[in-house]
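Overview (structure and organization)
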Amino acid sequence: MEGFCDVEAGGFRFRGTSRAGLATAVAIDSLGILCDAGACDLRMISADVVLLSHDHPDHFVALPQILTQRQLLGHGLMRIFAPTGMIDSLEAFLAAGQLASARASWRYELIGVEPGDWFEVGGGRRAQAFEVEHTVTTLGYIVYDVRRKLLEELHGQSPQDLAARRAQGEPVDREVLVPLIAISGDTVAAGLRAHPDVAKARVLLAECTFIDAAHRERAVETAHTHLDDLVALLESFENEAVVLYHFSLRYRAEEIDEALSERLGAGLRQRVKVLLPGAWTPGSIR
Ligand SMILES: [Zn+2]
Ligand SMILES: [Zn+2]
């Protein structure tokens with residue numbers, strides 16, 4: 001394993017590892033959410049909610065390690081959200097893991113999710129799943145802050161008036177959902193158009209598997225994002241920060257940095273960060 005890294009973006013800390021085909025797991029500390037579970041690190045296991053994107057093994061195989069560490073350290077129930085179609089096989093995988101592991105008594109709940117589904121993710125926050133475009137059924141997720149906003153027609157009313165309205169059971173405010181984080185899952189770049197709030201979330205965690213012009217066809221064949229297709233989208237998106245992850249093992253950190261500096265305008269380059277484990281020595285895959 002090539003290690004884990006921390007990225008600060010938009011007021012959040014993203015902690016984890018990600019390389020295409022090897023392992024992807026990214027914890028968002030302050031939200032208690034783990035995006036995919038392809039690797040285990042002690043600093044990531046406190047997340048009580050896991051959002052699994054799809055059933056490619058490098059995105060979920062570390063669940064037994066994570067659940068074992070959580071048991072040892074006395075953590076509570078872990079809620080694992082995943083595309084409905086992978087729940088049965090995931091249940092069998094975890095059951096086998098528990099059988100193989102002496103004294104295992106993992107505390108988890110598997111919850112099947114369909115595109116468009118809403119669910120609570122703790123801390124008063126809510127998430128919605130959306131379907132992206134990959135070689136298998138894959139979900140992206142948007143995590144929202146849930147806030148209350150005073151009704152426009154009541155602006156300027158005194159606290160006493162508002163209290164009286166409340167006492168009579170009249171509505172004084174409405175719910176407002178603020179998109180905090182958009183998570184792409186594995187997808188072609190166009191998959192990011194599948195949900196309007198991808199462009200509005202404070203931070204977009206976007207896969208960017210390929211950067212080299214020679215790998216455009218490979219990106220199409222494997223239904224992954226190529227940087228060239230992502231750039232135009234990001235220019236039109238409003239995200240305060242974008243964290244790119246899931247780079248192919250083909251690329252060294254310097255190559256990725258160079259490609260971003262060449263192809264992103266200066267303004268966009270400032271908003272884009274890279275989640276890339278630090279200690280990687282380039283391989284020979286081409
Ligand atoms: Zn992947
Ligand atoms: Zn995949």
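The shown structure was predicted, so the numbers you read here are calculated from the model rather than taken from an experiment. Per chain, the residues get numbers from 1 upward, laid out in the order the sequence is written. To read the labels, note that chains go from A and ligands from 1, taken in the order they are written. Reporting of local features is limited, given that this is a predicted model, to residues whose pLDDT is at least 70; pairs of side-chain atoms are given and counted only at 80 or more, and all residues count toward the totals for whole chains, interfaces and linings.

**What about the overall build of the chain?**
Strands are runs of DSSP state E lasting at least 2 residues, helices are runs of H or I lasting at least 4, and numbering of each runs from the N terminus. Scanning the chain from N- to C-terminus turns up seven helices and 14 strands. Against the globule reference of 19 Å for 286 residues, the chain gives a C-alpha radius of gyration of 20 Å, in line with a compact fold. Considered along the principal axes of its C-alpha atoms, the chain spans approximately 70 × 55 × 30 Å. Per-residue burial over the chain gives 40% buried out of 286 residues. Atoms counted for the radius of gyration: C-alpha only. Globule rule: 2.2 Å times residue count to the power 0.38. Residue burial here comes from a neighbour count, namely the number of other C-beta atoms, placed from the backbone, that lie within 10 Å of the residue's own C-beta, with 20 or more meaning buried, 12 or fewer meaning exposed, and in between meaning partly exposed.

**Details of the sheet that holds strand β9 (residues 125-131)**
One requirement defines pairing of two strands: DSSP has to find at least two bridges between them. An order of β8-β9-β10-β11-β12-β13-β14 is seen for the seven strands of this open sheet, with the pairing classed as mixed. Both outer strands of the open sheet, β8 (118-122) and β14 (272-274), are each paired with one neighbouring strand and no more. Strand-to-strand twist across the sheet, computed as the mean angle between neighbouring axes with direction ignored, equals 35°. Direction of pairing for β8 relative to β9: antiparallel, over a ladder of four bridges. Among the inter-strand pairings, Trp118 is bridged to a residue of β9, identified as Gln128. Where helices are involved, their axes are fitted lines through C-alpha atoms of the stretch in contact, as for all axes, and angles between N-to-C directions lie from 0 to 180°.

**As for the environment of Ala167**
Turning to its location among the elements, Ala167 is positioned in helix α3 (residues 159-167). Since 8 C-beta atoms lie within 10 Å of it, Ala167 is described here as exposed.

**A look at the nonpolar core**
Note on soluble globular proteins: their nonpolar side chains tend to be buried together. In these notes, a nonpolar core means any group of buried Ala, Val, Leu, Ile, Met, Phe, Trp, Tyr and Cys residues linked to one another through C-beta atoms within 7 Å. The biggest cluster of nonpolar side chains holds 76 residues, and the ones touching the most others in it are Ile33, Val50, Leu51, Val143, Ile181, Leu205 and Val243. In contact with Val243, not counting residues within four places along its chain, are Val7, Ala9, Phe14, Val203, Leu205, Lys273 and Leu275. Placing C-beta atoms from the backbone, we regard two residues as in contact once those atoms come within 7 Å.

**Re the confidence of the model for the chain**
Of all residues in the chain, 97% have pLDDT values of 70 or greater, and the mean over the chain is 94. One confidence number per residue, pLDDT, is output by the predictor and ranges from 0 to 100. Long-range and interchain partners of residues 280-286, a stretch whose pLDDT sits below 50, account for seven contacts in this model, where long-range means more than four residues apart.

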